[in-house]
Amino acid sequence: MRISETLIRHLEGIARLETSREERRGLRCDLGRFLEYAADLPDVDPAQAIGTAIPTHLSGDRPDEISPSLSQTEALAAAPTVRAGHFLVPPVLPAAADSSPPPLAVAPPVANPSIPVTSSVGESALTALSLTEALQGLEKGEFSAAEYRRDLRARIQQINPVLNAYCYLEPSDEAETPSRSGTLRGLPFALKDNLHRLGEPLQCASRILTGYRAPYDATVTAKLLAAGGSGLGRTNMDEFGMGSSCEYSIHGSTRNPWSPAHSPGGSSGGAAAAVAADCALFALGSDTGGSLRQPAAHCGVVGIKPTYGRVSRYGLVAFASSLDQVGPITRDVRDAAQVLELIMGADPRDATCRDLPTPGLMSEVDNGVRGLRIGVPSGLGRMAVSSSIRKSLNDAREALVAEGARIVPVDLPELEQGVAAYYLLANAEASSNLARFDGVRYGARAADCADLATLYSRTRGEGFGPEVKRRILLGAFTLSSGYYAAYYLRAQQVRRRLTDAFDRLWRRCECLLLPVTPGPAFPLQSRLADPLSMYLEDLFTVPASLAGLPAGSVPLGLCDGLPLGGQVVAPPFAEATLIRTLAALERAFPMRATRGAAVAAALADGGGEP
Amino acid sequence: MMSDTRECIIGLEVHAQLMTRSKIFCGCEVASDAEPNTLTCPVCLGLPGALPVLNRRAVELTARLGLALGCRVNTRSVMARKHYAYPDLPKGYQITQYAQPLCEGGGLTITTSTGERRIGIARIHIEDDAGKSVHGENGSLIDLNRCGVPLAEIVTEPALRHPAEARAWLRELHLLLVRLGICDGNMELGSLRCDVNVSLRLRGESTLGPKTEIKNLNSFRNVERALEREIARQEGILKSGGCVVSETLLWDAAAGEVLPLRSKEGSHDYRYFPEPDLPPIVVEEMLLQRLVKEMPELPAACRNRLRSEYDLDKQAARLIADDAGLTVYFETLCAAGVEPTRALRWLRGEILHRLGGCEITTFGVSPTALAELLELEATERITTTSAVRILDWMLTEGGCAGDGLRALDLESIAAGAHLDELVQRTLADHPHKVERYRSGERRLFGFFMGCVMTASSGRANPTELRRLLAIHLD
Ligand SMILES: [Zn+2]
């Protein structure tokens, strides 16, 4: 489909986004290519299209009770300009007609946090521990949480200059004695740069949130703190979660610890790289279309996206509200089960979070898969999947059979339409969710704007990176009058059909084995010129996202020295089955020793240049 | 003002602020008099990561309104995002309802000079309010206290045909909203706001012409005036062969003019889509049953009942029925044995006069206490004049009617020597007038009545007095 100059200008108008002439030319081309790709979606019966994610999910209102508001000072604290207790913005209409707009003021680049580089990459016994092992060590008094923290910070300071996995490290307070109580006994956790932690900077790897400090805790943050966890720092990501390579970041690219010339995947790339390189005990990230599972696969660690509605999204900066879920990245399945147990459960602040009993997951790790019916696609059809991935999936199937599982061949043609539907829906929601970043109440604001419209379009034009702009415009297009039925509704229809197909599938098996990605980690920079090729990276992860299903990624082996992942998808709220199956695969394909050695070797090389 | 060849088509969109304690999607208090930006939180400030959670009271109040208006209350309805850019809209979208509103259908009947007409309702939905902007030369000041205050939007069918009808309809809706405790109805403070849209067409045509919308009218009178002006303006354009442009207008009450709204940047492409942060709203049958059970008598039904039960005329029924307090007061009087006509006469006269616009609930004499007083009047133990004096005594002293009667010594002089003596003395004082009366000037009877009344300090029993006067004069 050809995107005319008039159309792109209309979209820029409704999205309040200023682009340069050159940018606009690229955007027209990229949008046109994607819409051509999406043109294959089946025709829609509008009566059948569904609006929200999980149509059967009904609950979550609140009683009419007053809770305390912020003070005026708190409300105005982050605003670029205020006057007399009000937010102040330029006049709605320009004072006088000016012939030409002033040139774009370029905001100063945001410096990466200066973390001193230390010479050699040391081995630390403590940082290599899993969460379970660290907790046992603490219990036995072999070391203290403060000692663990000190070792971890030292390792981060050594390795982060190469990896760029952390974009912010909380100031160290040596005198601080972390709480010894709670499940986590004072152990530190890492947060993706889109999860709120009170008082700490939060930027979603975007220029537009320069200077923003979280005025509250995300529910998941509060839960980890309440469980005795301690804050550590924020991990890098693709801007607002939009990307599969951790390259679209104001903080610069994160590198893959197995091979610094490669991408760690994205958008939770920083979290996966940090956990893989023993720079974090565990990390929380978010997954919208694969953002936990894909980087976990590329970095040889475990990543789990819980069922939509299992974990509160309150305090997670929204990318696509009907798809976003918070989940853990850990070094093994038991740790993932442990972290999930800590963060799952209802939240009165998130109406989409379900009030359901939360299962014990740790106990599922050793349960085995004997008798479990596991679906495996009877052929990945005409999908572009690398031979190494096909082979690893076969190995996985055999390993599951060896443990006593029954393999059920399944056919899921609906998977193929997932990417088009996902990008239409996710970006429609993203264009809406990102409307609030306008430079009025918080974040960066373009300088010297004479009127409100200019303030909006320049703040957003300067503040958002290229991929975010591309997605906002695509989303505005999908929702705009004249295109809504042809794109948004058709994509919803595909989502409905996919969800129905999974529902039917669960009558025949208890979970599904899929690849995570079409291939192993790709070299940095290799996909940037072709956004569509980046989107296709999500082929196997978006189906579970669209259907709101729990899904996890676990290492299955290596290809040319890079890890490959396998994905397990389970029915809604069947995280227990998910953990059982992932643990079985982990037993069959132990990765720990390999990862430790490979990462040490790669980092000893000094990182190598991409 | 309208020519006979054209008719006007008027529709109303009324925004009623729902009487909840907290906002629609967060726990911030709803209050109109707070310092700017002191009633906000991450949710209503539109901070990143904050999520809305629906206040179920807002749903209940709107469902109650829907039931009162005979609407279909949908068991499942959906919130939607409506996008536009304005600094007092922090999220960049309003959370409202679009494809599946809470209530549909229904109507409200008005009485005009031409009789009764039922005006249909297209839909009622719930949504959040925006903040307030104060525009100045050097910028706009934004106060977000009002952000997230719950609103019900009531949209009529384009079925109104005259500005006076529009006014009458809005008045009737206002009455209902206040009676049901849904909205405080304060139009000056913006608790109730009305947008009107109007178009003209040739009589007999069935298609609608281009319409204009006039925003934010803040009184009944302004609704009528603005419509009159706008209809005249459109008619002028059409008569001179021009075309009416669909646009949004603002009413300038001071100048009595409609003005084009300063156009906002960008075209209106609201990009509605279902709100993914909120599950569909489910109204259980149980809730509807409870709401029906709790439903008070509606003004229209009350008027009809008062007319049939107490034989009131239309005007009197409206006077009593349209004020819930007055209805209770009136019916308590009647239940205590006061004749409806006497109760009405006293309410409409002495009582309303003494209230001076205040609510009857603030009146210092309870209906049962007043009933005792009116019983004394009805049985002619006191005269009407005395009753009024005792009422004032009760208001200041707080005692009952009997106490007032004794304190003021107003027992009416019914018979016996005392009244007879007064009559005789009066006639003796006016021999010429007695002469004239006896020669046929019968209207002087009233004069003698008045004289004796004055002489008795208003205590003379009129019936007895009339009888005695007749005896002595004839
Ligand atoms: Zn609030």
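Keep in mind that what you see is a predicted model, and the values were worked out from it rather than measured. (Residues numbered from 1 in each chain as written. Chains lettered and ligands numbered in written order. Predicted model: local features only at pLDDT ≥ 70, side-chain atom pairs only at ≥ 80, totals over all residues.)

Novice: Now, about the overall build of chain A: what can you tell me, with residues and values included?
Specialist: The helix and strand tally for chain A stands at 18 helices and 13 strands. Every one of the 610 residues in chain A was classed for burial, and the buried ones make up 59%. Put simply, 79% of the contacts in chain A that link residues at least 6 apart link residues at least 24 apart. (Helix = DSSP H or I, 4+ residues; strand = E, 2+ residues; numbered from the N terminus. Buried ≥ 20, exposed ≤ 12 C-beta atoms within 10 Å, placed from the backbone. Contact = placed C-beta atoms within 7 Å.)

Novice: Residues and numbers for the sheet that holds strand 5 (residues 93-97) of chain B, please.
Specialist: All names here are of chain B. With respect to topology, three strands assemble into an open sheet ordered 5-4-16, the strand pairing being antiparallel. With one partner strand each, in any of the chains shown, strand 5 and strand 16 (273-274) form the two edges of the open sheet. The pairing of strand 4 (residues 79-83) with strand 16 spans two bridges and is classified as antiparallel. In the strand pairing of strand 16, Arg 81 is matched with Phe 273. (Pairing = 2+ DSSP bridges.)

Novice: An account of the interface of chain A and chain B is needed here, citing residue identities and associated values.
Specialist: Residue-level contacts link 67 residues of chain A with 55 residues of chain B. For the side of chain A that touches chain B, the secondary-structure elements that each account for two or more residues are helix 1 (5-15), helix 3 (72-76), strand 2 (86-89), helix 11 (418-433), helix 12 (452-463) and helix 13 (466-479) of chain A. Top element by residues in the side of chain A that touches chain B is strand 2 of chain A. It accounts for four residues. Each residue belonging to the side of chain A that touches chain B can be placed in one class, and the counts come to 34 nonpolar, 20 polar and 13 charged. Note that strand 2 of chain A and strand 10 (residues 139-143) of chain B share three bridges and pair antiparallel. Bridge assignment links A:Phe87 to a residue of strand 10 of chain B, and that residue is B:Ile142. (Nonpolar A, V, L, I, M, F, W, Y, C, P; charged D, E, K, R; others polar.)

Novice: Describe the domain arrangement of chain B, naming the residues involved and giving the relevant values.
Specialist: Once the domains are mapped, chain B shows domain 1 (6-291), domain 2 (296-408) and domain 3 (416-473). Domain 1 of chain B and domain 3 of chain B are separated by 67 Å when their C-alpha centres are compared. (Domains from an automatic or database assignment.)

Novice: For the packing of helix 13 (residues 431-438) of chain B against helix 14 (residues 444-455) of chain B, give the residues involved together with the corresponding values.
Specialist: Residues and elements named next belong to chain B. At a closest axis distance of 10 Å, the pairing of helix 13 and helix 14 adopts a crossing angle of 145°. By crossing handedness, the relation of helix 13 to helix 14 is classed as left-handed. For the pair helix 13 and helix 14, contact is made by Lys 433, Arg 436 and Tyr 437 and by Leu 444, Phe 445 and Phe 447, respectively. Taken together, the residues of the contact of helix 13 with helix 14 break down into four nonpolar, no polar and two charged. (Axes fitted to C-alpha atoms, helices over the stretch in contact; angles between N-to-C directions. Left-handed = near helix turned anticlockwise from the far one by under 90°.)

Novice: For unusual backbone geometry, give the residues involved together with the corresponding values.
Specialist: All names here are of chain A. In the segment running from Gly 266 into Ser 267, the intervening peptide bond is cis, with an omega of 5°. Checked against the element boundaries, Ser 267 lands in the loop between strand 5 (230-235) and helix 7 (269-276). Of note in the backbone geometry, Gln 525 takes a positive phi value of approximately 75° without being a glycine. Of note, Gln 525 is situated in the loop between strand 11 (511-515) and helix 15 (531-535). Taking the number of C-beta atoms within 10 Å as the measure of exposure, Gln 525 has 13 and is therefore partly exposed.

Novice: Can you tell me about helix 1 of chain A, naming the residues and giving the values?
Specialist: Residue and element names in this part refer to chain A. Residues Leu 11, Glu 12, Ile 14 and Ala 15 constitute the buried set of helix 1. Residues of helix 1 that are buried make contact with helix 11 and helix 13. Downstream of helix 1 by a residue or two, Arg 16 has a phi angle that is positive, lying close to 50°.

Novice: Talk me through the sheet that holds strand 9 (residues 132-136) of chain B; I want residue IDs and the actual numbers.
Specialist: Pairing in this open sheet of four strands is antiparallel, and the strands run 1(A)-2(A)-10(B)-9(B) from one edge to the other. Single-partner strands in this sheet number two, and they are strand 1 (82-83) of chain A together with strand 9 of chain B. In this sheet, strand 10 of chain B lies alongside strand 9 of chain B in antiparallel orientation, the contact comprising five bridges. Bridge pairing in strand 10 of chain B links B:Ser133 to B:Ile142.

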